[in-house]
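# Survey of secondary and tertiary structure
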Amino acid sequence: MKTTENNTINNTNIFTVTIKDINKNNALLPAVLYNKMETFVKEKITEKADIVHPIPRLYKLQILKNAYLKDQLVLNSQIKHLSEYELHLAVTVSLNNSQQEDIICKSIFKLPLKKHISKAS
């Protein structure tokens, strides 16, 4: 079953790129970006720990552009798919306070649902 576009799981978080998060070109390290997204997903699903397993799996990752030192990034989440077996949570990372919506990265994490939920539905 597909969900509607407006379903969210408490969907926003902001972080600033610091000196420890960058490479020699002042660009955000991909591993740091991934860790921020994974931590964000884990924080969001703790509210739903009774129905979703707490270990997200990265399903799809699309890095569109770099973020740099002192950039303020906004992480947003949205439920993209929900079935009796798993939840797909989309995460987008974009620049904060940007005139346009500058999307840095898009990803989808899959989270398996606990068995008793799929049997109950």
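Refer to the structure presented above.
Residues numbered from 1 in each chain as written. Predicted model: local features only at pLDDT ≥ 70, side-chain atom pairs only at ≥ 80, totals over all residues. Heavy atoms only, no water.

## Examining the pattern of salt bridges
The line we're drawing: Each reported salt bridge corresponds to a side-chain nitrogen of Lys or Arg within 4 Å of a carboxyl oxygen of Asp or Glu. Only DSSP runs of H or I covering at least 4 residues are called helices, and only runs of E covering at least 2 are called strands; the numbering of each starts at the N terminus.
This structure, assessed with the given rule, holds 3 salt bridges. As a salt-bridge pair, E86 and K110 come within 3.9 Å of each other at their nearest N and O atoms. One end of the pair, E86, is in strand β4 (residues 86-95); the other, K110, is in strand β5 (residues 103-112), with 24 residues separating them in the sequence. Each of R57, E86 and K110 takes part in salt bridges that share partners, so that together they form one network.

## Side note on the environment of N11
The cut-off we apply is this: Exposure is judged per residue with a 1.4 Å probe applied to protein chains only, and the accessible area is read against the type maximum: over 50% gives exposed, under 20% gives buried, and values in between give partly exposed. Residues count as neighbours in contact if any of their non-hydrogen atoms are within 4.5 Å of one another.
Structurally, the position occupied by N11 is in the segment before β1 (12-16). A relative accessible area of 27% means that N11 is categorised as partly exposed. Once the C-alpha coordinates of N11 and V91 are considered, the two residues, 80 residues apart in sequence, prove to be 8.9 Å apart. Ignoring anything within four residues of it in the chain, the contact list for N11 reads F40, L75, N76 and S77.

## What about the side chain of E38?
Stated precisely, the cut-off is as follows: Here the positive residues are Lys and Arg and the negative ones are Asp and Glu; neither His nor the chain ends is included.
In this structure, E38 sits in helix α1 (residues 30-45). One buried charge, E38, has no salt-bridge partner; the nearest side chain with opposite charge is K42, at 4.2 Å.

## Looking at the sheet that holds strand β3 (residues 72-82)
The line we're drawing: We call two strands paired when DSSP finds no fewer than two bridges between them. Lines fitted to the C-alpha atoms define the axes, with helices restricted to the stretch that makes contact. Angles between their N-to-C directions range from 0 to 180 degrees.
With respect to topology, 5 strands assemble into an open sheet ordered β1-β3-β4-β5-β2, the strand pairing being antiparallel. The sheet is open, and its two edges are formed by β1 and β2 (57-63), each paired on a single side. Adjacent strand axes in the sheet meet at a mean angle of 20 degrees when their direction is disregarded. Summarising the sheet, β1 and β3 pair through 5 bridges and their orientation is antiparallel.

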